[in-house]
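Coordinates in review
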Protein chains: 2
Amino acid sequence: MELTTAEENYLKAIYHLSDGGKKSVSTNDIAAEIKTKPASVSDMLRKLGDKEVIEYRKYYGVNITEEGKKRALGTIRKHRLWEVFLVEKLQFAWDEVHEVAEELEHIQSPLLIQRLDAYLNYPKFDPHGDPIPDEFGDVKARPRVALNEMELEQTGQIVAVKDSSAAFLRYLDKVGAYIGARIKVLDKVEFDGSLEILVDQKKTLFMSKDVAANILVQQS
Amino acid sequence: MELTTAEENYLKAIYHLSDGGKKSVSTNDIAAEIKTKPASVSDMLRKLGDKEVIEYRKYYGVNITEEGKKRALGTIRKHRLWEVFLVEKLQFAWDEVHEVAEELEHIQSPLLIQRLDAYLNYPKFDPHGDPIPDEFGDVKARPRVALNEMELEQTGQIVAVKDSSAAFLRYLDKVGAYIGARIKVLDKVEFDGSLEILVDQKKTLFMSKDVAANILVQQS
DNA sequence: ATATATTTTTAGCCTATCCTAAAATCGAAA
DNA sequence: TTTCGATTTTAGGATAGGCTAAAAATATAT
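Residues numbered from 1 in each chain as written. Chains lettered and ligands numbered in written order. Predicted model: local features only at pLDDT ≥ 70, side-chain atom pairs only at ≥ 80, totals over all residues. Heavy atoms only, no water.

1. Looking at the packing of helix α1 (residues 5-17) of chain A against helix α3 (residues 38-50) of chain A
Residues and elements named next belong to chain A. Rules: To obtain each axis, a line is fitted to C-alpha atoms, and for helices this fit is confined to the stretch in contact; angles are then taken between N-to-C directions over 0 to 180 degrees. To qualify as a helix, a DSSP run of H or I must reach at least 4 residues; to qualify as a strand, a run of E must reach at least 2; elements of each kind are numbered from the N terminus. By definition in this entry, angles of less than 35 degrees are roughly parallel, angles greater than 145 are roughly antiparallel, angles of 65 to 115 are roughly perpendicular, and the rest are oblique. Any pair of residues with heavy atoms lying within 4.5 Å of one another is described as a contacting pair. Throughout this entry, Asp, Glu, Lys and Arg are counted as charged residues, while Ala, Val, Leu, Ile, Met, Phe, Trp, Tyr, Cys and Pro are counted as nonpolar. The remaining residues, Gly among them, count as polar.
Following both chains from N to C, one finds α1 and α3 inclined at 95°, their axes separated by 11 Å at the closest point. Taken together, the axes of α1 and α3 are roughly perpendicular relative to one another. Where α1 approaches α3, its residues A6, E7, Y10 and I14 are matched on the opposing element by S40, V41, M44, L45, K47 and L48. Per-class residue counts for the contact of α1 with α3 are seven nonpolar, one polar and two charged.

Here you go:
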């Protein structure tokens, strides 16, 4: 059964909020995510339930079905492939692509996506470092490495810290290295293993090997 | 003022049916073009009139305004740029691109189109040989040449015949060289000036120089 | 355990776009 | 010029998606 653009957007939101289908999701949370009113969400949930892409029990939130998961992953795949296209071929900055990809992801043409995928050389990750599901909906888990183990020029996103003491987090905060920050290794000093890092394509930052060893990066 | 997808489609249809704004267009003709009912067209014409992209006098058909022309040309530009992309970059056949381009043409992002244009190296014609309006809505008139004057490998579309005798047309019909046919010069025989032509990317066709001299081609 | 607060749903309404059936208008022929 | 056929518009209704206000159900706190 065909989904409308609005339905695809709801399903994608539910997929994300449910952490890939692991948790159930509330009406209010969906409304906040989609920037719409809870009443509108209730309406849509009834429809998505009828189409069996979610399991909907009134007042108890929704769970995404296997079919729904497949659909959501299809939309996510399209979104991320378009993001790669925009950044790699059309020179968009990585933070300019989201809105346009939001539109492009609803174009209906399996052939188009197949060809685009090939044209981009079957990328596994989008410009934000998020994995691109393959045509079957399988996603490649992104390897996580300690920042000090990364090579020159490599890029990634800070996803976790090993040392979560207040002191360490306060330090990270001060230098502007938050969870989610996009980083690139600009330099590694042989002598002491300290690094020069580009954060969010804006500011550079020096850190010791010890600090870097406590920062986990999801590579792109 | 923003136009919806439906409004853009109506405007594009009116633009084409009016031969670029030269003639006025009837409700019935629009309905046929859009594959909708005349009653729906009346509705939409009122709206487009309110938005001043057409001039609408009940019962007397519509004329497109300058503003409307500009909008229509913008949509046509996007459509044709996407067609070039699909054919040149994603290896679509020239007759597979229309439906997808119908969807892509409604993506709203001036930056996207600007970048796409540059990426495609500012093409002047789409894969069907139709001219691509520039960002100001100006279109380059396509030169027409006699088929016998074309060079090897050149492509184009048959747009007219010099000799329109029944005999000649019957001959063209027999060999499958109709007005609108997409052709490519595969070979030119030095000795007698006869040609080998690829028609519609499917069948090849041999013709004498005399025949070719009577066929006018719009080059791409 | 009951009262209150929060969440969710329902009811009713709006706009966009489409439809069918009926009414209005136009234009051409007698 | 009157009438008749074709075209066009209007009227009224459907569906998709959104909104507000009010009702209903659930969750929480005393």
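What follows continues from the structure just given.
2. Section: the protein's contact with DNA strand D
The cut-off we apply is this: Throughout, the term near means that a residue has one or more heavy atoms lying within 4 Å of the molecule or strand in question. Residues adjacent in sequence count toward polar contacts only when both atoms are side-chain atoms; beyond that, a polar contact is any pair of N or O atoms within 3.5 Å, and within protein one must be able to donate a hydrogen and the other to accept it.
Around DNA strand D lies a shell of 20 residues, among which T4(A), T36(A), S42(B), Y56(B) and K58(B) are the nearest. For DNA strand D, the backbone makes up 80% of the atoms found within 4 Å of the protein, where backbone means sugar plus phosphate. Contacts to DNA strand D include S42(B), whose side-chain N or O atom sits 2.5 Å from a phosphate oxygen. Considering each element in turn, the surface near DNA strand D owes the most residues, four residues, to α3(A). In terms of residue class, the surface near DNA strand D is made up of ten nonpolar, seven polar and three charged.

3. Digging into the layout of surface pockets
All names here are of chain B. Under the convention used in this document: The pocket and cavity definitions rest on a 1 Å grid over protein atoms only: a 1.4 Å probe that fits but cannot leave marks a cavity, an open set with protein on both sides within 12 Å along at least five of seven lines marks a pocket, and residues lining either have an atom within 4 Å of a point. Grid points are joined across faces, edges and corners, and a volume is the space filled by probe spheres set on the points.
The space that makes up the largest pocket amounts to roughly 870 Å³. Residue lining of the largest pocket: 31 residues in total, with G74, R77, K78, I113 and E135 positioned closest to the centre. Those elements that place two or more of their residues in the lining of the largest pocket are α4 (66-88) and α6 (110-119). The element best represented in the lining of the largest pocket is α4, accounting for eight residues. Grouping the constituent residues of the lining of the largest pocket by class yields twelve nonpolar, six polar and 13 charged.

4. Here we look at the packing of helix α2 (residues 27-34) of chain B against helix α3 (residues 38-50) of chain B
All names here are of chain B. One can describe the packing of α2 onto α3 by two numbers: an axis separation of 8 Å at closest approach and a directional angle of 110°. Comparing their axes, α3 and α2 come out roughly perpendicular. Residue-level contacts link T27, N28, I30 and A31 of α2 to P38, V41, S42 and L45 of α3. Tallied by class, residues from the contact of α2 with α3 come to five nonpolar, three polar and no charged.

5. Description of the sheet that holds strand β3 (residues 144-146) of chain B
Hydrogen bonds along the backbone pair up the strands of a sheet, which may run parallel or antiparallel. All names here are of chain B. The criterion, for reference: By this definition, two strands are paired if DSSP reports at least two bridges between them.
One open sheet accounts for six strands, arranged β3-β8-β4-β5-β6-β7; its pairing is antiparallel. Looking at the sheet topology across the chains shown, the edges are occupied by β3 and β7 (203-207). Taking each pair of neighbouring strands and ignoring which way they run, the sheet shows an average axis angle of 40°. Inspection of the sheet shows β3 paired to strand β8 (residues 215-219) by three bridges, in the antiparallel sense. Each residue of the ladder has a partner; that of A146, found in β8, is L216.

Take it as geometry only, folks, not as evidence of what the structure does.
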